[in-house]
Amino acid sequence: QFGRTEVIDNTLNPDFVRKFIMDYFFEERENLRFDFYDVDSKSPNLSKHDFLGQMFCTLGEIVGSQGSRLEKSIVGIPGKKCGTVIVTAEELGCCRDSVLMQFCANKLDKKDFFGKSDPFLVFHRSNEDGSFTICHKTEVVKNTLNPVWQAFKISVRALCNGDYDRTIKVEVYDWDRDGSHDFIGEFTTSYRELSRGQSQFNVYEVINPKKKGKKKKYVNSGTVTLLSFLIETEVSFLDYIKGGTQINFTVAIDFTASNGNPSQPTSLHYMNPYQLNAYGMALRAVGEIIQDYDSDKMFPALGFGARLPPDGRVSHEFALNGNPQNPYCHGIDGVMEAYYRSLKCVQLYGPTNFAPVINHVARYAASVKDGSQYFVLLIITDGVISDMAQTKESIVNASKLPMSIIIVGVGPAEFDAMEELDGDVVRISSRGRFAERDIVQFVPFRDYIDRSGNHVLSMARLAKDVLAEIPEQFLSYMRVRGIKPSPAPPPYTPPIHVLQTQI
């Protein structure tokens with residue numbers, strides 16, 4: 001149990017206020033269950049209250065729905081309509097802002113015997129216990145009592161931990177080569193004060209407490225003025241999803257003869273009636289998470305490296321459902337069904353060419369570059385690639401497009417070539433051109449086979465590692481293109497319920 005809402009008395013249309021803060025991970029399947037009760041007494045024991053039904057979903061399903069608002073039927077009481085529930089999610093965003101600030105100072109105290117001072121500023125944020133933590137130092141401006149420091153950028157989290165009224169202490173020092181910098185004075189402010197920007201409120205007297213105690217006529221040790229204050233909000237993956245960006249998921253499966261005869265138990269494509277083969281497991285693990293972000297749940301599913309009926313021609317880009325005009329399958333279940341059907345009617349052949357399926361998805365990605373869609377291609381393969389040069393070229397070309405490629409290697413083969421495509425260590429290149437960004441993530445399936453035979457765990461770990469890089473790859477495309485998220489649709493307001501009287 002994660003938590004409970006408040007109780008709302010005497011209504012069939014409650015609008016709950018209590019919010020629940022949960023950690024969200026794009027790459028994990030986070031299953032949720034909502035149970036509804038009619039509370040009859042003060043007892044915290046749920047068995048003492050009437051069960052009204054329940055709703056199951058994933059956190060990804062809520063987040064991936066339009067406007068991050070999911071409406072779903074409540075179930076659980078046979079033969080009874082239990083109503084519907086509306087769940088909305090929003091990312092906690094107060095700490096995603098950064099600030100660009102610039103300061104100057106006037107008539108600072110002269111600390112050096114021969115020249116003027118060499119001043120710099122040190123910023124500290126205050127902690128809950130009253131102590132201070134250093135969070136920024138400006139550069140040193142040499143030989144002046146009226147310095148203008150360069151503008152600097154700092155996250156709001158670092159500056160005040162997102163608390164706009166928390167004290168920020170600023171110290172002014174005169175730099176010395178030997179490291180024994182002389183203290184000129186200090187002042188305090190807060191994010192809220194600074195956010196007023198350049199104004200009479202943001203001219204600060206620099207006070208040196210020691211001097212103040214000694215000298216009766218002491219006024220200050222100079223002033224520091226805020227010249228500019230600019231807030232920049234870092235946008236997140238969820239901002240785009242909320243604004244309606246769709247993630248289109250395409251699957252490509254390796255049908256080359258090196259997989260072994262599908263009717264033999266040693267084959268990677270063996271259709272065991274009791275458990276999924278490696279291809280099926282990889283498909284489900286990744287697909288079940290990604291499908292939450294695709295509104296129509298229609299996925300193109302392709303195969304490569306097989307001879308197709310009736311004439312036995314070899315294809316590196318065929319529709320698993322047998323319909324080249326419409327290779328879409330409904331949901332991951334539809335993809336699995338088409339995969340099993342294909343196994344029965346095509347002949348495993350070769351060679352292992354990736355470029356055709358990469359180019360297939362790239363053609364679609366090239367036609368929508370406005371940020372409304374992003375394409376993820378999952379290639380599941382047993383191995384040694386035959387068209388390395390063409391594949392590298394396809395990847396370099398695709399790195400300019402809104403797409404990512406996930407390669408899952410199944411079976412015992414050497415996957416050195418796949419590591420090279422991954423581009424984590426060395427950026428992939430083709431004919432002297434480098435990929436604009438890293439878009440390939442490779443994982444060998446054998447690293448995830450759970451020795452105890454618990455495939456649920458191994459599938460979750462596989463999905464986690466395979467999908468972890470997608471949000472960053474997605475954001476790097478949007479950033480380079482300067483594409484901002486669309487505004488989210490307006491929040492849901494419940495309709496006004498008309499009270500009906502029974503006669």
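Being a predicted model, the structure only gives us computed values, none of them experimental. (Residues numbered from 1 in each chain as written. Predicted model: local features only at pLDDT ≥ 70, side-chain atom pairs only at ≥ 80, totals over all residues. Heavy atoms only, no water.)

With that settled, consider the overall build of the protein. Per the secondary structure count, the protein includes 12 helices and 24 strands. By the compact-globule yardstick of 23 Å for 503 residues, the protein is too spread out, its C-alpha radius of gyration being 31 Å. In terms of overall dimensions, the protein has C-alpha extents of about 100 × 80 × 45 Å along its principal axes. Within the protein, the fraction of its 503 residues that count as buried is 47%. Considering only intrachain contacts with a sequence separation of at least 6, the fraction spanning at least 24 residues in the protein is 67%. (Helix = DSSP H or I, 4+ residues; strand = E, 2+ residues; numbered from the N terminus. Rg over C-alpha atoms; globule rule 2.2 N^0.38 Å. Buried < 20%, exposed > 50% of the residue type's maximum accessible area, 1.4 Å probe, protein only. Contact = heavy atoms within 4.5 Å.)

Further remarks concern the pairing of strand β8 (residues 152-155). Only one face of β8 is buried: it carries F152 and I154, and the other face, with K153 and S155, is open. Pairing of strand β5 (residues 97-106) with β8 involves four bridges; the strand directions are antiparallel. Counted as the bridge partner of S98 is S155 from β8. (Pairing = 2+ DSSP bridges.)

Okay, the sheet that holds strand β12 (residues 223-233) next. A sheet is described by the order of its strands in space; here four strands give the open sequence β8-β5-β12-β11, paired in antiparallel fashion. Sheet topology places β8 and β11 (203-205) at the edges, where each strand pairs with a single neighbour. The mean angle between the axes of side-by-side strands here comes to 35 degrees, regardless of whether they run parallel or antiparallel. (Axes fitted to C-alpha atoms, helices over the stretch in contact; angles between N-to-C directions.)

Moving on, we get to the domain arrangement of the protein. How big an interface is tends to be stated in terms of the accessible area lost upon association of its parts. Annotation of the protein at the domain level lists domain 1 (1-91), domain 2 (97-233) and domain 3 (246-481). Between the C-alpha centres of domain 1 and domain 3 the distance comes to 35 Å. Between domain 1 and domain 3, the residue contacts involve 10 residues of the former and 10 residues of the latter. Interface area, domain 1 with domain 3, both sides summed: about 990 Å², of which 61% is carbon and sulfur. The largest share of the area that domain 1 buries against domain 3 comes from F26, E27 and R29, three residues that together contribute 67% of it. Where domain 1 meets domain 3, there are two salt bridges. Close ionic contact of E288 with R29 constitutes a salt bridge, the shortest N to O distance being 3.9 Å. Counting across the domain 1 and domain 3 interface gives three residue pairs in polar contact (both at pLDDT 80 or more). Counting residues per element, the side of domain 1 that touches domain 3 draws most heavily on helix α1 (residues 59-64), at four residues. (Domains from an automatic or database assignment. Buried area = accessible area lost by both parts, 1.4 Å probe. Salt bridge = Lys/Arg side-chain N within 4 Å of Asp/Glu carboxyl O. Polar contact = N/O pair within 3.5 Å; in protein donor to acceptor, adjacent residues only side chain to side chain.)

This part takes up the environment of G3. Relative to the helices and strands, G3 resides in the segment before β1 (31-38). The spatial distance from the C-alpha of G3 to the C-alpha of H269 is 44 Å, given a sequence separation of 266 residues.

Bringing empty space enclosed by the protein into the picture now. Under the criterion given, the structure shown has one cavity of 30 Å³ or more. In this structure, the largest cavity is lined by Y24, F25, F26, E28, R29, E30, T58, G60, I289, D292 and Y293. Here the lining of the largest cavity is composed, by residue class, of five nonpolar, two polar and four charged. There are two domains that each give the lining of the largest cavity at least three residues, and those are domain 1 (1-91) and domain 3 (246-481). (1 Å grid on protein atoms, 1.4 Å probe; cavity = no way out; pocket = protein on both sides within 12 Å on 5 of 7 lines; lining within 4 Å. Points joined across faces, edges and corners; volume = space filled by probe spheres on them. Nonpolar A, V, L, I, M, F, W, Y, C, P; charged D, E, K, R; others polar.)

What describes two packed helices is the angle between their axes and the distance between those same axes. Between helix α6 (residues 278-290) and helix α7 (residues 331-345), the shortest axis-to-axis distance is 10 Å and the interhelical angle comes to 160 degrees. For the element pair α6 / α7, the angle class is roughly antiparallel. In the packing of α6 onto α7, the handedness of the crossing is right-handed. Side by side, α6 and α7 meet where Y279, G280, L283, R284, G287 and E288 of the first sit next to I332, D333, V335, M336 and Y339 of the second. Partitioning the contact of α6 with α7 into residue classes produces six nonpolar, two polar and three charged. (Parallel < 35°, antiparallel > 145°, perpendicular 65-115°, else oblique. Left-handed = near helix turned anticlockwise from the far one by under 90°.)

This part covers the nonpolar core. The biggest cluster of nonpolar side chains holds 70 residues, and the ones touching the most others in it are F249, F255, I406, V408, L462 and L467. For this core, the element with the most residues is α6, which contributes nine residues. Shared between two domains, this core takes at least three residues from each, and those domains are domain 1 (1-91) and domain 3 (246-481). Not counting the four nearest positions on each side in its chain, L467 is found in contact with F26, E27, V286, I289, I290 and I406. With 31 residues, the next largest nonpolar core counts V361, V396, A413 and I428 among its residues. (Core = buried A, V, L, I, M, F, W, Y, C linked by side-chain atoms within 4.5 Å.)

With respect to the secondary-structure elements, D370 resides in the loop between α8 (355-367) and β20 (373-381). Within the structure, D370 has its side chain in polar contact with the side chain of S372 (distance 2.7 Å).

All right, on to the UniProt feature "domain: VWFA" (unreviewed entry) in the protein then. The positions that UniProt labels "domain: VWFA" (unreviewed entry) are, in the present scheme, residues 248-449. Taken as a whole, residues 248-449 contains 29% helix and 26% strand, while its terminal C-alpha atoms sit 28 Å from one another. (UniProt positions renumbered as here; feature names shortened; annotations may be inferred.)

Right, let's talk about a negative patch on the surface for a bit. On the surface, a cluster of negative charge is made up of E414, D416, E419, D424, D447 and D465. Summarising the element assignment, E419 is placed in helix α10 (residues 416-422). Residue E419 is classed as partly exposed on the basis of its relative accessible area of 46%. (Patch = residues over 30% accessible without salt bridge, like charges linked within 9 Å, V, L, I, M, F, W, Y side chains within 5 Å. Areas by Shrake-Rupley, 256 points an atom, 1.4 Å probe, with all protein chains shown as cover. Lys, Arg positive; Asp, Glu negative; His and termini not counted. Charge placed at Lys NZ, Arg CZ, Asp CG, Glu CD.)

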